[in-house]
2 protein chains.
Amino acid sequence: MTKSPAIILVRPQMGENIGAAARAMLNFGLTDMRVVAPRDGWPNPKAVAMASGAGRVLDEARVAESVAEAADQCDFLFATTARARDMKKDAYNPEEAMKMARKMGGQGRRVGILFGPERTGLENDDVARAQAVVTVPVNPEFPSLNLAQCVLLMGYEWSRGLADAAPPPETAPDHATVIEVERLADHWEERLETSGFFFPPEKAPHMKRQFRNFWSRMPVSRSDVQLLHGALRQLVRRPGG
Amino acid sequence: MTKSPAIILVRPQMGENIGAAARAMLNFGLTDMRVVAPRDGWPNPKAVAMASGAGRVLDEARVAESVAEAADQCDFLFATTARARDMKKDAYNPEEAMKMARKMGGQGRRVGILFGPERTGLENDDVARAQAVVTVPVNPEFPSLNLAQCVLLMGYEWSRGLADAAPPPETAPDHATVIEVERLADHWEERLETSGFFFPPEKAPHMKRQFRNFWSRMPVSRSDVQLLHGALRQLVRRPGG
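Below you will find a few notes about this structure. Counting from 1, residues in each chain are numbered in the order their sequence is written. Numbering of ligands from 1 and lettering of chains from A proceed in the order in which they are written. Local features in this predicted model are restricted to residues of pLDDT 70 or higher, and side-chain atom pairs are both shown and tallied only at a pLDDT of 80 or more, whereas totals for entire chains, interfaces and linings draw on every residue. For side-chain calculations, the full set of non-hydrogen atoms in the structure is used, while hydrogens and water are omitted.

Here we take up the sheet that holds strand S5 (residues 91-92) of chain B. Residues and elements named next belong to chain B. Reading across from one edge, S3-S2-S1-S6-S4-S7-S5 is the order of the 7 strands in this open sheet, with parallel pairing throughout. The open sheet has two free edges, formed respectively by strand S3 (62-64) and S5, since each of these has just one partner strand. Relative to strand S7 (residues 132-134), S5 runs parallel, the two being bridged by 2 bridges. Within S7, the position partnered with alanine 91 by the bridge is valine 133. In this fold helix H5 (residues 94-106) packs onto strand S4 (76-80), S5, strand S6 (111-115) and S7, with an angle of close to 165° to the strand it touches most, S4. DSSP bridges decide pairing: two strands pair if at least two such bridges lie between them. Helix and strand definitions here come from DSSP, where helices need a minimum of 4 consecutive H or I residues and strands a minimum of 2 consecutive E residues; each element is numbered from the N-terminal end. Residue contacts are counted whenever heavy atoms from the two residues lie within 4.5 Å of one another. What counts as an axis is a line fitted to C-alpha atoms, over the stretch in contact for a helix, and the angles between N-to-C directions run from 0 to 180 degrees.

Basic side-chain nitrogens of Lys or Arg form a salt bridge, by our definition, when they fall within 4 Å of a carboxyl oxygen of Asp or Glu. Tallying each qualifying case throughout the model produces 30 salt bridges over all chains. The closest approach of N and O atoms between aspartate 32 of chain A and arginine 110 of chain A, which form a salt bridge, is 3.7 Å. One end of the pair, aspartate 32 of chain A, is in the loop between helix H1 (15-27) and strand S2 (33-36); the other, arginine 110 of chain A, is in the loop between helix H5 (94-106) and strand S6 (111-115), and 78 residues separate them in sequence. Classification of aspartate 32 of chain A as buried rests on a relative accessible area of 19%. Taking the shortest distance from any N to any O, the salt bridge between glutamate 180 of chain B and arginine 222 of chain B comes out at 3.0 Å. The rule is simple: take the accessible area with a 1.4 Å probe, protein chains only, and divide by the maximum for that residue type; under 20% is buried, over 50% is exposed, in between is partly exposed.

Residue and element names in this part refer to chain A. Burial analysis of S6 places 5 of its 5 residues in the buried class, which makes it a mostly covered element. Neither face of S6 is left uncovered, since the one carrying Val111, Ile113 and Phe115 and the one carrying Gly112 and Leu114 both have all their residues buried. Looking at chain direction, strand S1 (residues 6-10) and S6 are connected through 4 bridges and run parallel. Paired with isoleucine 7 across the two strands is isoleucine 113, which belongs to S6. In this sheet, S6 lies alongside strand S4 (residues 76-80) in parallel orientation, the contact comprising 4 bridges. When the sheet's bridge partners are listed, phenylalanine 78 is paired in S6 with isoleucine 113.

Let us now look at empty space enclosed by the protein. Residue and element names in this part refer to chain B. Here a cavity means grid points, on a 1 Å grid over the protein atoms only, where a 1.4 Å probe fits yet cannot get out; a pocket means an open set of points with protein on both sides within 12 Å along at least five of seven lines; lining residues are those with an atom within 4 Å of a point. Grid points are joined across faces, edges and corners, and a volume is the space filled by probe spheres set on the points. According to the stated counting rule, one finds 2 cavities of 30 Å³ or more in the structure shown. Estimates place the volume of the largest cavity at around 70 Å³. Contributing to the lining of the largest cavity are Ala128, Arg129, Gln131, Val178, Val181, Glu182, Ala185, Arg212, Trp215 and Ser216. For the lining of the largest cavity, the secondary-structure elements that each account for two or more residues are helix H8 (178-194) and helix H9 (204-217). Looking at which element gives the most residues to the lining of the largest cavity, the answer is H8, with 4 residues. Across the lining of the largest cavity, the residue classes tally to 5 nonpolar, 2 polar and 3 charged. If you count residues domain by domain, the lining of the largest cavity takes at least three from each of domain 1 (6-164) and domain 2 (178-236). For this scheme, ten residues count as nonpolar: Ala, Val, Leu, Ile, Met, Phe, Trp, Tyr, Cys and Pro. Four count as charged, namely Asp, Glu, Lys and Arg, and the remainder, Gly too, count as polar. Note: domain ranges come from an automatic or database domain assignment.

Residue and element names in this part refer to chain B. Between helix H1 (residues 15-27) and helix H7 (residues 147-160), the shortest axis-to-axis distance is 8 Å and the interhelical angle comes to 15°. Considering their axes alone, H1 and H7 lie roughly parallel with respect to each other. Note on packing geometry: the crossing formed by H1 with H7 is right-handed. For the pair formed by H1 and H7, the contact residues are Asn17, Ala20, Ala21, Ala24, Met25 and Asn27 on the first element and Leu147, Ala148, Val151 and Leu152 on the second. Here the contact of H1 with H7 is built from residues that sort into 8 nonpolar, 2 polar and no charged. What sets the label is the angle itself: under 35 degrees gives roughly parallel, over 145 gives roughly antiparallel, 65 to 115 gives roughly perpendicular, and the rest give oblique. Each crossing is labelled by how the near helix is turned from the far one, with a counterclockwise turn of less than a right angle marking it left-handed and a clockwise turn marking it right-handed.

Only the six-membered ring of Trp is used, alongside the rings of Phe and Tyr, when aromatic pairs are assigned; centres must lie within 6.5 Å, and planes under 30 degrees apart are stacked while those over 60 apart are edge-to-face, with the rest tilted. Summed over all chains, the structure comprises 19 aromatic pairs over all chains. Where tyrosine 156 of chain A meets tyrosine 156 of chain B, the ring centres are 6.2 Å apart and the plane angle is 90°; that geometry is what we call edge-to-face. Of the two residues, tyrosine 156 of chain A is situated in helix H7 (residues 147-165) and tyrosine 156 of chain B in helix H7; the pairing between them involves two chains. Like tyrosine 156 of chain A, the residue tyrosine 156 of chain B is buried in the burial classification. Ring centres of phenylalanine 197 of chain A and phenylalanine 211 of chain A lie 6.2 Å apart, and the angle between their planes is 85°; this geometry places the pair in the edge-to-face category. Highlighted residues: phenylalanine 197 of chain A in the loop between helix H8 (178-194) and helix H9 (204-217) and phenylalanine 211 of chain A in helix H9, separated in sequence by 14 residues. Assessed through its relative accessible area of 11%, phenylalanine 197 of chain A is described here as buried. Three or more aromatic residues joined by ring pairs form one cluster here, namely Trp188, Phe197, Phe198, Phe211, Phe214 and Trp215 of chain A together with Trp188, Phe197, Phe198, Phe211, Phe214 and Trp215 of chain B. Criterion for a charge above a ring: Arg CZ or Lys NZ at most 6 Å from the ring centre, at most 35 degrees from the ring normal. In this arrangement the basic side chain of lysine 208 of chain B is found over the ring face of phenylalanine 198 of chain B, its NZ or CZ atom lying 5.4 Å from the centre.

Here it is as C-alpha coordinates:
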(Lines give C-alpha, C1' and ligand atoms only; values in the text may rest on other atoms or scores of the structure.)
Protein backbone atom coordinates (compact mmCIF):
# COMPACT_ATOMS: atom_id res chain seq x y z
CA MET A 1 0.00 0.00 0.00
CA THR A 2 1.57 3.25 -1.17
CA LYS A 3 1.63 5.94 1.50
CA SER A 4 0.00 9.14 0.29
CA PRO A 5 1.71 12.46 0.94
CA ALA A 6 0.64 14.80 3.73
CA ILE A 7 -0.44 18.27 2.64
CA ILE A 8 0.96 20.74 5.14
CA LEU A 9 -0.50 24.25 5.04
CA VAL A 10 1.88 26.61 6.77
CA ARG A 11 0.26 29.66 8.46
CA PRO A 12 -2.68 29.78 6.03
CA GLN A 13 -4.65 33.02 6.15
CA MET A 14 -8.03 32.60 4.48
CA GLY A 15 -10.44 29.91 5.66
CA GLU A 16 -11.85 29.73 2.13
CA ASN A 17 -8.45 28.66 0.82
CA ILE A 18 -8.12 25.95 3.45
CA GLY A 19 -11.54 24.61 2.48
CA ALA A 20 -10.71 24.79 -1.22
CA ALA A 21 -7.44 22.97 -0.54
CA ALA A 22 -9.36 20.20 1.24
CA ARG A 23 -11.57 19.81 -1.82
CA ALA A 24 -8.58 19.78 -4.16
CA MET A 25 -6.95 17.09 -2.02
CA LEU A 26 -9.98 14.85 -1.99
CA ASN A 27 -10.43 15.30 -5.76
CA PHE A 28 -7.25 13.30 -6.10
CA GLY A 29 -7.67 10.96 -3.16
CA LEU A 30 -5.46 12.78 -0.65
CA THR A 31 -6.81 13.00 2.90
CA ASP A 32 -3.88 13.79 5.21
CA MET A 33 -4.01 17.55 5.85
CA ARG A 34 -1.91 19.28 8.48
CA VAL A 35 -2.32 22.95 9.35
CA VAL A 36 0.43 25.00 10.97
CA ALA A 37 -0.67 28.03 13.02
CA PRO A 38 -3.73 29.02 10.99
CA ARG A 39 -4.22 32.79 11.22
CA ASP A 40 -7.90 32.62 12.17
CA GLY A 41 -7.71 29.70 14.61
CA TRP A 42 -9.26 26.26 14.35
CA PRO A 43 -11.82 25.03 13.50
CA ASN A 44 -12.48 27.63 10.85
CA PRO A 45 -16.15 28.04 9.80
CA LYS A 46 -15.24 29.54 6.41
CA ALA A 47 -13.03 26.57 5.69
CA VAL A 48 -15.85 24.22 6.61
CA ALA A 49 -18.33 26.09 4.41
CA MET A 50 -16.00 26.03 1.42
CA ALA A 51 -14.99 22.39 1.86
CA SER A 52 -18.60 21.16 1.75
CA GLY A 53 -18.30 17.56 0.53
CA ALA A 54 -14.67 17.39 1.62
CA GLY A 55 -15.41 18.30 5.23
CA ARG A 56 -13.96 15.07 6.53
CA VAL A 57 -10.51 16.14 5.37
CA LEU A 58 -10.83 19.13 7.71
CA ASP A 59 -12.32 17.03 10.50
CA GLU A 60 -9.30 14.77 10.41
CA ALA A 61 -6.73 17.54 9.89
CA ARG A 62 -3.99 17.87 12.48
CA VAL A 63 -3.26 21.34 13.76
CA ALA A 64 0.29 22.10 14.85
CA GLU A 65 2.18 25.09 16.12
CA SER A 66 5.26 24.69 14.00
CA VAL A 67 6.39 23.09 10.78
CA ALA A 68 8.59 20.75 12.75
CA GLU A 69 5.64 19.54 14.81
CA ALA A 70 3.36 19.16 11.79
CA ALA A 71 5.98 17.15 9.95
CA ASP A 72 7.09 15.01 12.84
CA GLN A 73 6.25 11.69 11.23
CA CYS A 74 7.32 12.61 7.73
CA ASP A 75 10.39 11.04 6.19
CA PHE A 76 10.87 13.59 3.45
CA LEU A 77 9.62 17.15 2.91
CA PHE A 78 9.07 19.08 -0.26
CA ALA A 79 8.70 22.86 -0.05
CA THR A 80 6.55 24.50 -2.71
CA THR A 81 7.96 27.81 -3.87
CA ALA A 82 6.87 30.19 -6.60
CA ARG A 83 10.39 30.56 -7.90
CA ALA A 84 13.73 28.90 -7.46
CA ARG A 85 15.61 30.37 -4.50
CA ASP A 86 19.25 30.38 -3.75
CA MET A 87 18.91 27.59 -1.23
CA LYS A 88 21.34 25.11 -2.74
CA LYS A 89 18.56 22.62 -2.69
CA ASP A 90 17.37 20.26 -5.39
CA ALA A 91 14.42 21.75 -7.25
CA TYR A 92 11.84 19.68 -9.10
CA ASN A 93 8.72 20.27 -11.09
CA PRO A 94 5.47 18.72 -9.80
CA GLU A 95 5.73 15.70 -12.07
CA GLU A 96 9.24 14.84 -10.92
CA ALA A 97 8.45 15.55 -7.27
CA MET A 98 5.34 13.40 -7.20
CA LYS A 99 7.16 10.61 -8.98
CA MET A 100 9.68 10.68 -6.15
CA ALA A 101 6.82 10.83 -3.66
CA ARG A 102 5.20 7.74 -5.15
CA LYS A 103 8.48 5.89 -5.06
CA MET A 104 9.07 6.78 -1.43
CA GLY A 105 5.43 6.11 -0.59
CA GLY A 106 5.75 2.66 -2.12
CA GLN A 107 8.67 2.02 0.23
CA GLY A 108 6.44 2.92 3.17
CA ARG A 109 8.00 6.34 3.63
CA ARG A 110 5.81 9.33 4.44
CA VAL A 111 6.25 12.41 2.28
CA GLY A 112 5.05 15.85 3.32
CA ILE A 113 4.51 18.83 1.04
CA LEU A 114 4.74 22.31 2.55
CA PHE A 115 2.60 25.15 1.21
CA GLY A 116 3.20 28.70 2.38
CA PRO A 117 0.85 31.51 3.40
CA GLU A 118 -1.14 33.08 0.57
CA ARG A 119 0.59 36.45 0.35
CA THR A 120 4.17 35.68 1.11
CA GLY A 121 4.80 32.02 0.49
CA LEU A 122 7.09 29.95 2.69
CA GLU A 123 9.79 31.68 4.65
CA ASN A 124 13.36 30.67 4.15
CA ASP A 125 13.32 28.98 7.55
CA ASP A 126 10.44 26.78 6.41
CA VAL A 127 12.12 25.93 3.13
CA ALA A 128 15.27 25.12 5.06
CA ARG A 129 13.41 22.23 6.74
CA ALA A 130 12.61 20.61 3.41
CA GLN A 131 14.80 18.13 1.60
CA ALA A 132 13.82 19.46 -1.79
CA VAL A 133 11.92 22.25 -3.48
CA VAL A 134 9.05 21.87 -5.91
CA THR A 135 8.01 24.70 -8.23
CA VAL A 136 5.11 24.80 -10.68
CA PRO A 137 6.38 26.09 -14.01
CA VAL A 138 3.99 28.98 -14.64
CA ASN A 139 3.97 31.87 -17.07
CA PRO A 140 6.69 34.16 -15.61
CA GLU A 141 4.59 37.18 -16.58
CA PHE A 142 1.61 35.93 -14.57
CA PRO A 143 2.76 33.47 -11.92
CA SER A 144 -0.09 34.00 -9.43
CA LEU A 145 -1.24 30.51 -8.47
CA ASN A 146 -3.38 30.44 -5.38
CA LEU A 147 -2.95 28.02 -2.52
CA ALA A 148 -5.72 25.60 -3.50
CA GLN A 149 -4.61 25.58 -7.12
CA CYS A 150 -1.11 24.67 -6.08
CA VAL A 151 -2.49 21.84 -3.91
CA LEU A 152 -4.68 20.79 -6.84
CA LEU A 153 -1.71 20.47 -9.19
CA MET A 154 0.28 18.42 -6.70
CA GLY A 155 -2.70 16.14 -6.10
CA TYR A 156 -3.20 15.83 -9.83
CA GLU A 157 0.42 14.85 -10.40
CA TRP A 158 0.34 12.45 -7.48
CA SER A 159 -2.70 10.62 -8.73
CA ARG A 160 -1.75 10.86 -12.41
CA GLY A 161 1.23 8.62 -11.92
CA LEU A 162 -0.69 6.23 -9.70
CA ALA A 163 -3.23 5.74 -12.43
CA ASP A 164 -0.50 4.95 -14.93
CA ALA A 165 0.01 1.64 -13.16
CA ALA A 166 -3.47 0.60 -14.21
CA PRO A 167 -4.29 1.64 -17.78
CA PRO A 168 -7.47 3.74 -17.82
CA PRO A 169 -10.52 2.05 -19.32
CA GLU A 170 -11.10 3.58 -22.69
CA THR A 171 -14.42 3.86 -24.40
CA ALA A 172 -13.42 1.98 -27.50
CA PRO A 173 -15.83 2.39 -30.37
CA ASP A 174 -17.03 -0.82 -31.99
CA HIS A 175 -14.85 -0.42 -35.05
CA ALA A 176 -16.27 -1.75 -38.27
CA THR A 177 -14.28 -4.48 -39.94
CA VAL A 178 -12.48 -3.93 -43.21
CA ILE A 179 -15.09 -5.92 -45.08
CA GLU A 180 -17.93 -3.91 -43.58
CA VAL A 181 -16.29 -0.70 -44.68
CA GLU A 182 -15.66 -2.22 -48.09
CA ARG A 183 -19.35 -3.04 -48.45
CA LEU A 184 -20.32 0.43 -47.39
CA ALA A 185 -17.99 1.88 -50.01
CA ASP A 186 -19.50 -0.52 -52.59
CA HIS A 187 -22.97 0.63 -51.69
CA TRP A 188 -21.97 4.27 -52.10
CA GLU A 189 -20.29 3.59 -55.38
CA GLU A 190 -23.36 1.81 -56.77
CA ARG A 191 -25.73 4.54 -55.72
CA LEU A 192 -23.48 7.28 -56.99
CA GLU A 193 -22.97 5.42 -60.24
CA THR A 194 -26.74 5.15 -60.72
CA SER A 195 -27.19 8.81 -59.93
CA GLY A 196 -24.69 9.83 -62.58
CA PHE A 197 -22.15 11.23 -60.13
CA PHE A 198 -19.07 9.78 -61.77
CA PHE A 199 -18.95 12.14 -64.69
CA PRO A 200 -17.26 12.66 -67.07
CA PRO A 201 -16.31 9.00 -67.65
CA GLU A 202 -12.57 9.66 -67.91
CA LYS A 203 -12.60 11.09 -64.42
CA ALA A 204 -14.64 8.26 -62.92
CA PRO A 205 -11.71 6.04 -61.85
CA HIS A 206 -10.09 8.93 -59.97
CA MET A 207 -13.35 9.91 -58.29
CA LYS A 208 -14.04 6.35 -57.25
CA ARG A 209 -10.58 6.01 -55.84
CA GLN A 210 -11.06 9.22 -53.92
CA PHE A 211 -14.21 7.76 -52.36
CA ARG A 212 -12.50 4.47 -51.51
CA ASN A 213 -9.68 6.41 -49.91
CA PHE A 214 -12.16 8.44 -47.96
CA TRP A 215 -13.92 5.44 -46.49
CA SER A 216 -10.77 3.56 -45.65
CA ARG A 217 -9.37 6.58 -43.83
CA MET A 218 -12.45 7.07 -41.68
CA PRO A 219 -12.63 5.38 -38.27
CA VAL A 220 -16.20 4.21 -38.75
CA SER A 221 -17.97 2.02 -36.25
CA ARG A 222 -20.50 -0.72 -36.90
CA SER A 223 -23.39 1.51 -35.97
CA ASP A 224 -22.05 4.21 -38.29
CA VAL A 225 -22.07 1.66 -41.10
CA GLN A 226 -25.69 0.77 -40.46
CA LEU A 227 -26.67 4.40 -40.19
CA LEU A 228 -25.00 5.26 -43.48
CA HIS A 229 -26.48 2.33 -45.37
CA GLY A 230 -29.89 3.39 -44.13
CA ALA A 231 -29.36 7.04 -44.96
CA LEU A 232 -28.19 6.21 -48.44
CA ARG A 233 -31.20 4.01 -49.16
CA GLN A 234 -33.53 6.71 -47.93
CA LEU A 235 -31.87 9.48 -49.92
CA VAL A 236 -32.35 7.77 -53.25
CA ARG A 237 -35.88 6.55 -52.58
CA ARG A 238 -38.13 8.12 -55.14
CA PRO A 239 -41.38 9.58 -53.86
CA GLY A 240 -44.00 6.89 -54.32
CA GLY A 241 -41.26 4.57 -55.58
CA MET B 1 5.02 28.95 -33.94
CA THR B 2 2.74 26.51 -32.16
CA LYS B 3 -0.89 27.59 -32.10
CA SER B 4 -2.28 27.66 -28.58
CA PRO B 5 -5.70 26.16 -27.92
CA ALA B 6 -8.81 28.28 -27.55
CA ILE B 7 -10.64 27.91 -24.24
CA ILE B 8 -14.35 27.89 -25.01
CA LEU B 9 -16.65 28.39 -22.03
CA VAL B 10 -20.11 27.16 -22.96
CA ARG B 11 -23.01 28.94 -21.20
CA PRO B 12 -20.98 29.76 -18.09
CA GLN B 13 -23.08 30.85 -15.14
CA MET B 14 -20.93 32.59 -12.53
CA GLY B 15 -18.86 35.62 -13.44
CA GLU B 16 -16.37 34.66 -10.71
CA ASN B 17 -15.68 31.40 -12.50
CA ILE B 18 -15.13 33.14 -15.82
CA GLY B 19 -12.62 35.46 -14.13
CA ALA B 20 -10.89 32.57 -12.38
CA ALA B 21 -10.70 30.70 -15.67
CA ALA B 22 -9.02 33.74 -17.26
CA ARG B 23 -6.42 33.71 -14.50
CA ALA B 24 -5.86 29.98 -14.85
CA MET B 25 -5.38 30.42 -18.59
CA LEU B 26 -2.84 33.20 -18.24
CA ASN B 27 -0.95 31.22 -15.58
CA PHE B 28 -0.03 28.86 -18.38
CA GLY B 29 0.25 31.34 -21.21
CA LEU B 30 -3.17 30.80 -22.80
CA THR B 31 -4.99 33.93 -23.96
CA ASP B 32 -7.67 32.88 -26.47
CA MET B 33 -10.95 32.75 -24.52
CA ARG B 34 -14.33 32.37 -26.17
CA VAL B 35 -17.57 32.60 -24.26
CA VAL B 36 -20.81 31.08 -25.53
CA ALA B 37 -24.06 32.64 -24.28
CA PRO B 38 -22.89 33.67 -20.79
CA ARG B 39 -25.86 33.58 -18.41
CA ASP B 40 -25.31 37.07 -17.02
CA GLY B 41 -24.42 38.84 -20.25
CA TRP B 42 -21.16 40.49 -21.27
CA PRO B 43 -19.05 42.19 -20.07
CA ASN B 44 -19.45 40.69 -16.63
CA PRO B 45 -18.24 42.88 -13.71
CA LYS B 46 -17.76 39.90 -11.39
CA ALA B 47 -15.57 38.21 -13.98
CA VAL B 48 -13.51 41.37 -14.35
CA ALA B 49 -13.09 41.70 -10.57
CA MET B 50 -11.98 38.10 -10.18
CA ALA B 51 -9.62 38.17 -13.16
CA SER B 52 -7.64 41.14 -11.81
CA GLY B 53 -4.22 40.75 -13.44
CA ALA B 54 -5.64 38.59 -16.19
CA GLY B 55 -8.18 41.17 -17.32
CA ARG B 56 -6.76 41.34 -20.80
CA VAL B 57 -7.85 37.76 -21.43
CA LEU B 58 -11.43 38.93 -20.79
CA ASP B 59 -10.96 42.10 -22.84
CA GLU B 60 -9.93 40.05 -25.81
CA ALA B 61 -12.48 37.27 -25.29
CA ARG B 62 -14.90 36.62 -28.11
CA VAL B 63 -18.54 36.22 -27.20
CA ALA B 64 -20.67 33.99 -29.38
CA GLU B 65 -24.24 32.76 -29.42
CA SER B 66 -23.53 29.16 -30.21
CA VAL B 67 -20.76 26.60 -29.93
CA ALA B 68 -20.57 26.46 -33.71
CA GLU B 69 -20.02 30.21 -33.91
CA ALA B 70 -17.43 30.22 -31.12
CA ALA B 71 -15.52 27.38 -32.76
CA ASP B 72 -15.73 28.64 -36.31
CA GLN B 73 -11.99 28.86 -36.89
CA CYS B 74 -11.07 25.77 -34.94
CA ASP B 75 -9.80 22.69 -36.68
CA PHE B 76 -10.37 20.26 -33.83
CA LEU B 77 -12.56 20.34 -30.73
CA PHE B 78 -12.15 18.58 -27.42
CA ALA B 79 -15.15 18.37 -25.09
CA THR B 80 -14.36 18.20 -21.38
CA THR B 81 -16.71 15.85 -19.55
CA ALA B 82 -16.76 14.69 -15.95
CA ARG B 83 -17.26 11.09 -16.91
CA ALA B 84 -17.06 8.98 -20.02
CA ARG B 85 -20.36 9.01 -21.90
CA ASP B 86 -21.70 6.56 -24.34
CA MET B 87 -20.85 8.79 -27.28
CA LYS B 88 -18.65 6.36 -29.20
CA LYS B 89 -16.00 9.03 -29.22
CA ASP B 90 -12.34 8.69 -28.37
CA ALA B 91 -11.69 9.71 -24.76
CA TYR B 92 -8.37 11.02 -23.49
CA ASN B 93 -6.90 12.21 -20.24
CA PRO B 94 -5.55 15.78 -20.12
CA GLU B 95 -1.97 14.72 -20.77
CA GLU B 96 -2.86 12.77 -23.89
CA ALA B 97 -5.26 15.43 -25.11
CA MET B 98 -2.82 18.30 -24.69
CA LYS B 99 -0.08 16.27 -26.33
CA MET B 100 -2.39 15.95 -29.33
CA ALA B 101 -3.17 19.65 -29.10
CA ARG B 102 0.53 20.54 -29.17
CA LYS B 103 1.08 18.32 -32.16
CA MET B 104 -1.83 19.88 -34.04
CA GLY B 105 -0.81 23.35 -32.89
CA GLY B 106 2.66 22.72 -34.27
CA GLN B 107 1.09 21.98 -37.64
CA GLY B 108 -0.68 25.32 -37.54
CA ARG B 109 -4.04 23.82 -36.62
CA ARG B 110 -6.26 25.52 -34.09
CA VAL B 111 -7.61 23.38 -31.27
CA GLY B 112 -10.59 24.39 -29.15
CA ILE B 113 -11.49 22.97 -25.75
CA LEU B 114 -15.14 23.12 -24.71
CA PHE B 115 -16.03 23.54 -21.02
CA GLY B 116 -19.65 23.18 -19.94
CA PRO B 117 -21.80 25.19 -17.52
CA GLU B 118 -20.93 24.78 -13.85
CA ARG B 119 -23.90 22.75 -12.69
CA THR B 120 -24.67 20.54 -15.60
CA GLY B 121 -21.60 20.29 -17.80
CA LEU B 122 -21.82 20.12 -21.56
CA GLU B 123 -25.00 18.88 -23.15
CA ASN B 124 -24.89 15.92 -25.48
CA ASP B 125 -25.48 18.23 -28.43
CA ASP B 126 -22.34 20.18 -27.49
CA VAL B 127 -20.28 17.03 -27.07
CA ALA B 128 -21.57 15.83 -30.42
CA ARG B 129 -19.74 18.73 -32.09
CA ALA B 130 -16.37 17.70 -30.65
CA GLN B 131 -13.93 15.32 -32.28
CA ALA B 132 -12.82 13.85 -28.96
CA VAL B 133 -13.56 13.89 -25.27
CA VAL B 134 -11.16 14.75 -22.48
CA THR B 135 -11.81 13.74 -18.88
CA VAL B 136 -9.73 14.54 -15.80
CA PRO B 137 -9.21 11.33 -13.84
CA VAL B 138 -10.47 12.39 -10.41
CA ASN B 139 -11.37 10.47 -7.28
CA PRO B 140 -14.68 8.81 -8.26
CA GLU B 141 -15.97 9.37 -4.75
CA PHE B 142 -15.34 13.12 -4.98
CA PRO B 143 -15.20 14.21 -8.59
CA SER B 144 -16.26 17.84 -8.07
CA LEU B 145 -13.77 19.91 -10.08
CA ASN B 146 -14.90 23.45 -10.70
CA LEU B 147 -14.73 25.20 -14.03
CA ALA B 148 -11.56 27.19 -13.36
CA GLN B 149 -9.78 24.15 -11.91
CA CYS B 150 -10.58 22.18 -15.02
CA VAL B 151 -9.22 25.02 -17.17
CA LEU B 152 -6.16 25.17 -14.91
CA LEU B 153 -5.36 21.49 -15.41
CA MET B 154 -5.69 21.75 -19.19
CA GLY B 155 -3.46 24.82 -19.20
CA TYR B 156 -0.96 23.05 -16.99
CA GLU B 157 -0.83 20.03 -19.26
CA TRP B 158 -0.62 22.23 -22.34
CA SER B 159 2.35 24.16 -21.06
CA ARG B 160 4.00 21.20 -19.32
CA GLY B 161 4.92 19.49 -22.55
CA LEU B 162 5.43 22.61 -24.62
CA ALA B 163 9.17 22.82 -24.05
CA ASP B 164 9.86 19.42 -25.55
CA ALA B 165 7.21 19.65 -28.26
CA ALA B 166 9.26 20.20 -31.35
CA PRO B 167 6.78 20.52 -34.19
CA PRO B 168 6.94 17.20 -36.03
CA PRO B 169 7.30 17.72 -39.76
CA GLU B 170 4.34 15.76 -40.97
CA THR B 171 2.50 15.70 -44.22
CA ALA B 172 -0.70 16.99 -42.75
CA PRO B 173 -3.78 16.55 -44.89
CA ASP B 174 -5.79 19.69 -45.56
CA HIS B 175 -8.06 19.15 -42.59
CA ALA B 176 -11.49 20.66 -42.81
CA THR B 177 -12.26 23.26 -40.17
CA VAL B 178 -14.96 22.78 -37.58
CA ILE B 179 -17.29 25.13 -39.43
CA GLU B 180 -16.80 23.26 -42.71
CA VAL B 181 -17.69 20.01 -41.02
CA GLU B 182 -20.61 21.72 -39.34
CA ARG B 183 -21.93 22.84 -42.72
CA LEU B 184 -21.48 19.39 -44.15
CA ALA B 185 -23.45 17.94 -41.24
CA ASP B 186 -26.12 20.62 -41.79
CA HIS B 187 -26.35 19.70 -45.44
CA TRP B 188 -26.76 16.04 -44.60
CA GLU B 189 -29.35 16.79 -42.00
CA GLU B 190 -31.40 18.90 -44.44
CA ARG B 191 -31.30 16.32 -47.16
CA LEU B 192 -32.13 13.47 -44.85
CA GLU B 193 -34.93 15.49 -43.31
CA THR B 194 -36.41 16.12 -46.73
CA SER B 195 -36.12 12.46 -47.62
CA GLY B 196 -38.05 11.44 -44.51
CA PHE B 197 -35.11 9.65 -42.91
CA PHE B 198 -35.69 10.97 -39.40
CA PHE B 199 -38.67 8.81 -38.59
CA PRO B 200 -40.50 8.32 -36.30
CA PRO B 201 -40.42 11.93 -35.01
CA GLU B 202 -39.66 10.96 -31.41
CA LYS B 203 -36.46 9.30 -32.54
CA ALA B 204 -35.37 12.21 -34.73
CA PRO B 205 -33.29 14.08 -32.10
CA HIS B 206 -31.32 10.96 -31.28
CA MET B 207 -30.76 10.12 -34.93
CA LYS B 208 -29.64 13.67 -35.67
CA ARG B 209 -27.23 13.61 -32.77
CA GLN B 210 -25.87 10.29 -33.98
CA PHE B 211 -25.13 11.92 -37.33
CA ARG B 212 -23.51 14.97 -35.73
CA ASN B 213 -21.37 12.66 -33.66
CA PHE B 214 -20.42 10.75 -36.74
CA TRP B 215 -19.26 13.78 -38.69
CA SER B 216 -17.38 15.36 -35.84
CA ARG B 217 -15.50 12.11 -35.19
CA MET B 218 -14.35 11.74 -38.78
CA PRO B 219 -10.99 13.22 -39.81
CA VAL B 220 -12.35 14.73 -42.99
CA SER B 221 -10.30 16.90 -45.27
CA ARG B 222 -11.42 19.88 -47.29
CA SER B 223 -11.53 17.85 -50.47
CA ASP B 224 -13.58 15.19 -48.68
CA VAL B 225 -16.05 17.89 -47.73
CA GLN B 226 -16.38 19.07 -51.30
CA LEU B 227 -16.72 15.52 -52.54
CA LEU B 228 -19.46 14.73 -50.04
CA HIS B 229 -21.43 17.89 -50.73
CA GLY B 230 -21.31 17.06 -54.41
CA ALA B 231 -22.27 13.43 -53.87
CA LEU B 232 -25.19 14.39 -51.71
CA ARG B 233 -26.54 16.88 -54.24
CA GLN B 234 -26.25 14.33 -56.99
CA LEU B 235 -27.91 11.54 -55.00
CA VAL B 236 -31.09 13.50 -54.39
CA ARG B 237 -31.33 14.94 -57.89
CA ARG B 238 -34.54 13.69 -59.43
CA PRO B 239 -34.31 12.35 -62.99
CA GLY B 240 -35.24 15.22 -65.28
CA GLY B 241 -35.43 17.48 -62.21
